[in-house]
Amino acid sequence: MESLYTRPCKIPNSSFRKEKSELELELRLLEALEIYPPAKLRGIHRHFVLYGLTEYLRRSFNQPFSGDDVLKLLDRFYNLEMVKPDDEDTEILNQEEDFRLPQSYFVTEDS
Amino acid sequence: MVSSSKDESGSDGENSSGNAPESNSECLFAGGEKVLAYHGPRIYEAKVQKVDFRKNEWKYHVHYLGWNKNWDEWVGMDRLMKHTEENVLKQQALDKKAGVDKNPKSGRSSQVKPKSSSDGKLDKEETKNNVAKGKKRKADSGIEKNNSAAEKLLKIQIPSTLKKQLVDDWEFITQQNKLVKLPRSPNVEDIFTKYLDYRSKKDGMKTDAVGEILKGLRCYFNKALPVVLLYQKERDQYHEAVSDNITPSNIYGAEHLLRLFVKLPELLAFVKIDAETLIRMQQKLHEFLKFLQKNESTFFLATYDGPKITEGSGKGKDN
């Protein structure tokens, strides 16, 4: 589950230094990845994980972000297809079990 | 102290009737007897209502004292203990382990709060109090793996008319032996599409977040349906209706989607999500539920198909 940090090949027009805002963006993303690791983007929870990532960035910059924006950004750092899903995600929902409506639903008093 | 000596016919299994070869041949508990019963990680006071000998072992139908009779069930001797001081100590030990204050509860409190933290706050104390108030939770294997995950459950408020749908749903299937007629129209996919339409008209362009959440729900639904969203009696129907290339979300509808919401907090417990995002998610999920409620008459079936399975007693607690 190794990730390769690859710098994009093309270098922005004037210099080697990225725009500050670009760096900010990448930093925030990497920060967010501590909560939402790439491995989780490969399993059954992936849409909610992506939602969390998107929300994080949206809040950090007070700018709209879409799930696709985030995935594109992520693509600078990870080849998601190569990332192995979290083990825990593959274990969930393995055990068949009859649906059971919890006790609280049967209480007739208004809850 | 419980003496371990069984009476004569017990251990060697040679019974005069010849049909109970093993040591289970002895009936350990009597009808009307107050006992202690294991249920999930804890022990509860219960009363034996009836006794039966099935498949070479004694089974006891118990009613948990102070609990709604919906919880009544058949259990084997492995789940039961005599109501002795020694066993009461065991009960208390497990209560302690579960972090429960042993309140003298006179029956069940009428308001049973769902086991979750309120308002998205991660309040462990509150959750423990809810457990003490008597929310009996069966240890769902495969989903609720550890306590700490369960304690931070996202609270999903299901509107009361939808709760009633779930109870009716339970009633139709488990008590009346009926089934939802498949395939459903609208199905889950249709409902999602309608919701996106509805939201884009309301919010303008900003449906990206909602879209992602719906994708997440779809993902869960398709995986979860055959595993944890079906009542026992629906399994045959499932196998007939859903084969290799067919996804549940194209066959099932609002009835089963609603069940997903019952399980949703447990599923989401396995994903770490920051508190603020959790709150927004809660809002969005709630909005979706309100949409279901608004369209209740179009999305939900008023009646289910008559009994296809002929089972003797509709009283069977199959759930």
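Not measured: the values here are computed from a predicted model. (Residues numbered from 1 in each chain as written. Chains lettered and ligands numbered in written order. Predicted model: local features only at pLDDT ≥ 70, side-chain atom pairs only at ≥ 80, totals over all residues. Heavy atoms only, no water.)

Student: Can you tell me about the interface of chain A and chain B, naming the residues and giving the values?
Tutor: With 40 residues of chain A at the contact, the number on the chain B side is 57 residues. Summed over both sides, the interface of chain A with chain B buries roughly 4,900 Å², with 57% coming from carbon and sulfur. Of all residues in chain A, F48, F99 and R100 of chain A bury the most surface against chain B, accounting for 19% of the area lost on that side. The interface formed by chain A and chain B contains six salt bridges. For the salt bridge of E96 of chain A with R235 of chain B, the shortest nitrogen-to-oxygen distance reads 3.5 Å. Residue contributions to the side of chain A that touches chain B peak at ten residues, all from helix α2 (residues 46-61) of chain A. Residues belonging to the side of chain A that touches chain B are distributed by class as follows: 16 nonpolar, ten polar and 14 charged. (Contact = heavy atoms within 4.5 Å. Buried area = accessible area lost by both parts, 1.4 Å probe. Salt bridge = Lys/Arg side-chain N within 4 Å of Asp/Glu carboxyl O. Helix = DSSP H or I, 4+ residues; strand = E, 2+ residues; numbered from the N terminus. Nonpolar A, V, L, I, M, F, W, Y, C, P; charged D, E, K, R; others polar.)

Student: Can you lay out the pattern of salt bridges for me, pointing to particular residues and giving the numbers?
Tutor: Using the criterion set out here, one finds 26 salt bridges over all chains in the structure. Of the charged contacts in the structure, one is a salt bridge between D86 of chain A and K40 of chain A, with a shortest N-O distance of 3.8 Å. Highlighted residues: D86 of chain A in the loop between α3 (67-74) and α4 (87-91) and K40 of chain A in the loop between α1 (20-35) and α2, separated in sequence by 46 residues. The partner of R235 of chain B in a salt bridge is D98 of chain A, and the shortest N-O contact between them spans 3.1 Å. Here D98 of chain A lies in the segment after α4 and R235 of chain B lies in helix α7 (residues 235-241), a pairing that spans two chains. By sharing partners, the salt bridges in this structure join E55, R58 and R59 of chain A together with D274, E276 and R280 of chain B into a single network.

Student: Could you give me a rundown of helix α5 (residues 188-203) of chain B, with the residues and numbers involved?
Tutor: All names here are of chain B. Its 16 residues place the ends of α5 22 Å apart at the C-alpha level, agreeing with the 22 Å of an ideal helix rising 1.5 Å per residue. If you check which residues of α5 are buried, you get V188, E189, I191, F192, Y195 and R199. Viewed along the axis of α5, the buried residues span an arc of 160°, placing them on a single side of the element. One side-chain oxygen at the N-terminal end of α5 lies 3.0 Å from the backbone nitrogen of E189; it belongs to N187. Directly beyond the C-terminal end of α5, a positive phi value near 80° is found at G204. (Expected span 1.5 Å × (residues − 1). Buried < 20%, exposed > 50% of the residue type's maximum accessible area, 1.4 Å probe, protein only. Arc of directions from axis to C-beta. Polar contact = N/O pair within 3.5 Å; in protein donor to acceptor, adjacent residues only side chain to side chain.)

Student: Any chance you could break down empty space enclosed by the protein for me, citing the residues and the numbers?
Tutor: Residue and element names in this part refer to chain B. Considering all chains together, one arrives at five cavities of 30 Å³ or more under this definition. If you add up the space inside the largest cavity, you get close to 60 Å³. Around the largest cavity sit Y195, V210, I213, L214, L217, K284, L285, E287 and F288, which together line it. Put simply, the parts of the chain that give the lining of the largest cavity at least two residues each are α6 (208-228) and α9 (275-294). Among the residues forming the lining of the largest cavity, the class breakdown is seven nonpolar, no polar and two charged. (1 Å grid on protein atoms, 1.4 Å probe; cavity = no way out; pocket = protein on both sides within 12 Å on 5 of 7 lines; lining within 4 Å. Points joined across faces, edges and corners; volume = space filled by probe spheres on them.)

Student: Please give an account of the packing of aromatic side chains that cites residues and values.
Tutor: Across all of its chains, the model carries 17 aromatic pairs over all chains by this definition. Above the ring of W74 of chain B, the side-chain terminus of R54 of chain B is found at 4.3 Å from the ring centroid. For the cation-ring pair, K163 of chain B lies above Y105 of chain A, with the distance from its terminal atom to the ring centre recorded as 5.7 Å. (Phe/Tyr/Trp six-rings, centres within 6.5 Å; stacked < 30°, edge-to-face > 60°. Lys NZ or Arg CZ within 6 Å of the ring centre and 35° of its normal.)

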